[in-house]
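Structural overview
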Amino acid sequence: MSAPQQHDQQPDPHRWWTLFAVCIATFMLLLDVTIVNVALPDIQKDLHSSFEDLQWVVDAYALTLAAFLLTAGSLADRLGRKRVFIIGLGLFTIASLLCGLSKSPTALNLARALQGVGGAAMFATSLALLASAFTGRERGTALGIWGATTGAAVAVGPLVGGVLTEHVSWQSIFYVNLPVGIAAIAITVRMVRESRSPNPDPIDWGGLVTFSAGLFALVFALVRGNAKGWGSTQIVVLLIGAVVLLIAFVAIEAKTKRPMLDLHLFKVPTFVGASVAAFALSASMFAMFLYLTLFMQNILSFSPLEAGLRFLPITVLSFFFAALSGNLTSRVPVRLLLGVGLGLAGLGLLLMTGLDADSKWTALLPGFLIGGAGIGLTNPALAATAVGVVDPRRAGMASGVNSTFRQVGISTGIAGLGAIFQSTIVGNVTDELPRGAHAQLPPAEVLAQGSVRAVPAPFHDAFVTGWTASLNEILIIGGAIALVGAVLALVLVRSGDFVAQGAHAPAGEQPQPEPAAT
């Protein structure tokens, strides 16, 4: 995608209103990634949802958000970023109403998918609008505020969801978006400046279809694999189909003159590092929020509000360190912020392990503190890197790709960790039971939900011990994903890859002159 016309590079007199509108929209759409987590037990009871339904409540949103981000960016270049941003806000607000009115898991998940489409239009244009409105050091400040907003939204979701679910209803977590969405639309219409590309890319329908279908097939197979059997015809066909479609997507993008995903971006090691870091953070820490919430509410029997309050350490630390990271991007090489941030996120997940039947929520506290700091350090650095290593005219596509990797990380992380969790739960619980007693256990899908009431009373302790053992396993896997991402970010992100324009590169990452030939 191309960047704004030249006149859009001048300082915008309403730039702080633009930042306000973008932050409101970003907060709302990212809040809906995690706000539903503490409401899942109530949704499960009210709509009689299965474990797979609970996964899809989160994944349906993240999946469509990932699938349509790049296409939304292309449309924004053609129709105008402000216009597409407003359309996204409208879709998101309407879908939120439909979520609250849902009477079945299917209806809720379809509405969540529509929310994701609206969220894609908002997310795809957010960084491009900021890049158009801000220059120089102000851009670093704006990205720091935006990064703090993203960290706070993801982390504060459980608290807001807990308050609304416990004192109003689970439907209210969606209804709260209505006045916020309307206010954001009003501010955007009045205060945000329009920008578009003078030479917009055509819509890449081949890329859109193959990428969306391939990603859906992959996530669907991961979610259904345990129930259907990994060797079943349906799952094998879905996995093969996902591979074929994603390979076809890469082939189409390589041959298309104006692709929605320019593969040449991945020739820049720093861009690859930022994409890997975005995926790793989402597939590890953010994906784990679902299972940590089930532990809090179904194993420890906390109410939605009580569970949300116990996520506050992540909220506070991520917000504080995001603001710090936003300021440091002008003085510290971002590879250090990415590496240290992801390293702390991985360490935080590893510190949460060692849970057993006697564990209290405080066993998670050290990991919450360290992990929250890691989230905060990583988010603004990711934003700065995504738009800092490409020509300003390609900032829209670059930020869209980075956001896509974030959402693909959440959707595949939840599905993949859930598949591992569900596949080990029966074995871990059975290991704690007397011989032959496993015949009295409910199915793996019911066990995975963590509902102690579904297990015969004599087996409660064995069930909790086995359940926490499975949770420990995916915490280790999540921690490993984050640590691998940290190493790759440190190795791949290089100062010389940042663009020469000082207004578009973090000050700590100005390109270095080439050494003289000897």
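Since the structure is predicted, the reported quantities are computational estimates derived from the model, not experimental observations.

Calculation criteria
- Residues numbered from 1 in each chain as written.
- Predicted model: local features only at pLDDT ≥ 70, side-chain atom pairs only at ≥ 80, totals over all residues.
- Heavy atoms only, no water.
- Helix = DSSP H or I, 4+ residues; strand = E, 2+ residues; numbered from the N terminus.
- Buried < 20%, exposed > 50% of the residue type's maximum accessible area, 1.4 Å probe, protein only.
- Contact = heavy atoms within 4.5 Å.
- Areas by Shrake-Rupley, 256 points an atom, 1.4 Å probe, with all protein chains shown as cover.
- Phe/Tyr/Trp six-rings, centres within 6.5 Å; stacked < 30°, edge-to-face > 60°.
- Lys NZ or Arg CZ within 6 Å of the ring centre and 35° of its normal.
- Core = buried A, V, L, I, M, F, W, Y, C linked by side-chain atoms within 4.5 Å.
- Axes fitted to C-alpha atoms, helices over the stretch in contact; angles between N-to-C directions.
- Parallel < 35°, antiparallel > 145°, perpendicular 65-115°, else oblique.
- Left-handed = near helix turned anticlockwise from the far one by under 90°.
- Nonpolar A, V, L, I, M, F, W, Y, C, P; charged D, E, K, R; others polar.
- Patch = residues over 30% accessible without salt bridge, like charges linked within 9 Å, V, L, I, M, F, W, Y side chains within 5 Å.
- Salt bridge = Lys/Arg side-chain N within 4 Å of Asp/Glu carboxyl O.
- Polar contact = N/O pair within 3.5 Å; in protein donor to acceptor, adjacent residues only side chain to side chain.
- Expected span 1.5 Å × (residues − 1).
- pLDDT = per-residue confidence, 0-100.

**Side note on the overall build of the protein**
Summing up its helical and strand segments, the protein has 18 helices and zero strands in all. In the protein, which comprises 518 residues, the share counted as buried stands at 60%. Contacts in the protein between residues at least 24 apart in sequence constitute 83% of all its contacts with a sequence separation of at least 6. Within the structure as shown, the protein displays about 18600 Å² of accessible surface, and the carbon and sulfur contribution to it stands at 67%.

**Digging into the packing of aromatic side chains**
Summed over all chains, the structure comprises 16 aromatic pairs. Judged by centre distance (6.1 Å) and plane angle (40°), the rings of Trp56 and Phe220 are tilted. One end of the pair, Trp56, is in helix α3 (residues 51–79); the other, Phe220, is in helix α9 (residues 205–228), with 164 residues separating them in the sequence. With a centroid separation of 5.3 Å and 20° between ring planes, the pair formed by Phe311 and Phe368 is classed as stacked. Of this pair, Phe311 sits in the loop between α12 (304–310) and α13 (312–328) while Phe368 is found in helix α15 (residues 365–388), placing the two residues 57 residues apart along the sequence. We note that Phe311, like Phe368, is buried. Taken together, the ring pairs in this structure connect Phe286, Phe289, Phe311 and Phe368 into an aromatic cluster. Positioned above the aromatic ring of Phe302 is the side chain of Arg310, whose terminal nitrogen or guanidinium carbon lies 4.1 Å from the ring centre.

**Here's the deal with the nonpolar core**
Membership of the largest hydrophobic core comes to 142 residues, with the highest contact counts inside it found for Met285, Met288, Tyr291, Trp467 and Leu471. If near-sequence neighbours (up to four positions away) are discounted, Leu471 is found in contact with Met288, Tyr291, Phe295, Leu355 and Phe421. If you look at the next biggest cluster of nonpolar residues, it comprises five residues, including Ala217, Ala221, Ile235 and Ala242.

**Details of the packing of helix α14 (residues 334–351) against helix α18 (residues 460–492)**
Two numbers describe how α14 lies on α18: the axes approach to 8 Å, and their chain directions differ by 165°. Overall, the two elements α14 and α18 adopt an arrangement that is roughly antiparallel. Between α14 and α18 lies a crossing of left-handed hand. Contacts between α14 and α18 pair Arg335, Leu336, Leu338, Gly339, Leu342, Gly343, Ala345, Gly346, Leu347, Leu349 and Leu350 from the former with Leu475, Ile476, Gly478, Gly479, Ala482, Leu483, Gly485, Ala486, Ala489 and Leu490 from the latter.

**Examining unusual backbone geometry**
For His48, which is not a glycine, the phi torsion comes out positive at approximately 55°. The topology assignment puts His48 in the loop between α2 (40–47) and α3. The class of His48 is exposed, set by a relative accessible area of 70%. Residue Ser301 is not a glycine yet carries a positive backbone phi of 65°. The topology assignment puts Ser301 in the loop between α11 (269–299) and α12.

**Let's talk about the packing of helix α1 (residues 15–34) against helix α8 (residues 177–191)**
Two numbers describe how α1 lies on α8: the axes approach to 9 Å, and their chain directions differ by 155°. As the angle between them shows, α1 and α8 are arranged roughly antiparallel. The two elements α1 and α8 meet at a crossing, and its hand is left-handed. Within the contact between the two elements, α1 uses Trp17, Thr18, Phe20, Ala21, Ile24, Met28 and Asp32 and α8 uses Asn177, Val180, Gly181, Ala184, Ile187, Thr188 and Met191. Residues of the contact of α1 with α8, tallied by class, amount to nine nonpolar, four polar and one charged.

**A closer look at a nonpolar patch on the surface**
Residues Ile94, Leu97, Leu98 and Leu101 make up a contiguous nonpolar surface patch of about 340 Å² in total accessible area. Residue position: Leu98 is located in helix α4 (residues 81–101).

**Side note on the side chain of Thr64**
Topologically, Thr64 is positioned in helix α3. Separated by 3.3 Å, the side chain of Thr64 and the backbone oxygen of Tyr61 make a polar contact. Residues contacting Thr64, with those up to four places away along its chain left out, are Arg112, Ala113, Gly116, Val117 and Ala120.

**Quick word on the environment of Leu89**
Along the chain, the position of Leu89 falls in helix α4. Between the C-alpha atom of Leu89 and that of Gln115, which follows or precedes it by 26 residues, the distance is 9.4 Å. Not counting chain neighbours up to four residues away, the residues in contact with Leu89 comprise Ala25, Met28, Met122, Ala184, Ile185 and Thr188.

**Side note on α14**
Between its terminal C-alpha atoms α14 stretches 25 Å, which fits the 26 Å expected from 18 residues at 1.5 Å a residue. Inspection of α14 places Val334, Leu337, Leu338, Gly339, Gly341, Leu342, Gly343, Ala345, Gly346, Gly348 and Leu349 among the buried residues, and these make up the whole buried set.

**Observations concerning the confidence of the model for the protein**
Per-residue pLDDT for the protein has a mean of 81; in total, 85% of the residues score no lower than 70. Predicted confidence for residues 500–505 stays below pLDDT 50, and this span has 17 contacts to residues more than four positions away or in other chains. Low pLDDT (under 50) marks residues 507–518, which in the prediction has 24 contacts with non-local residues, meaning those over four places away or in another chain.

**Points about the environment of Asp59**
Along the chain, Asp59 falls in helix α3. For Asp59, a relative accessible area of 0% translates into the label buried. Between the C-alpha atoms of Asp59 and Val33, which are 26 residues apart in sequence, the distance is 8.9 Å. The contacts of Asp59, once residues within four sequence positions are left out, are Val219, Val223, Ile410, Ser411, Ile414 and Ala415.

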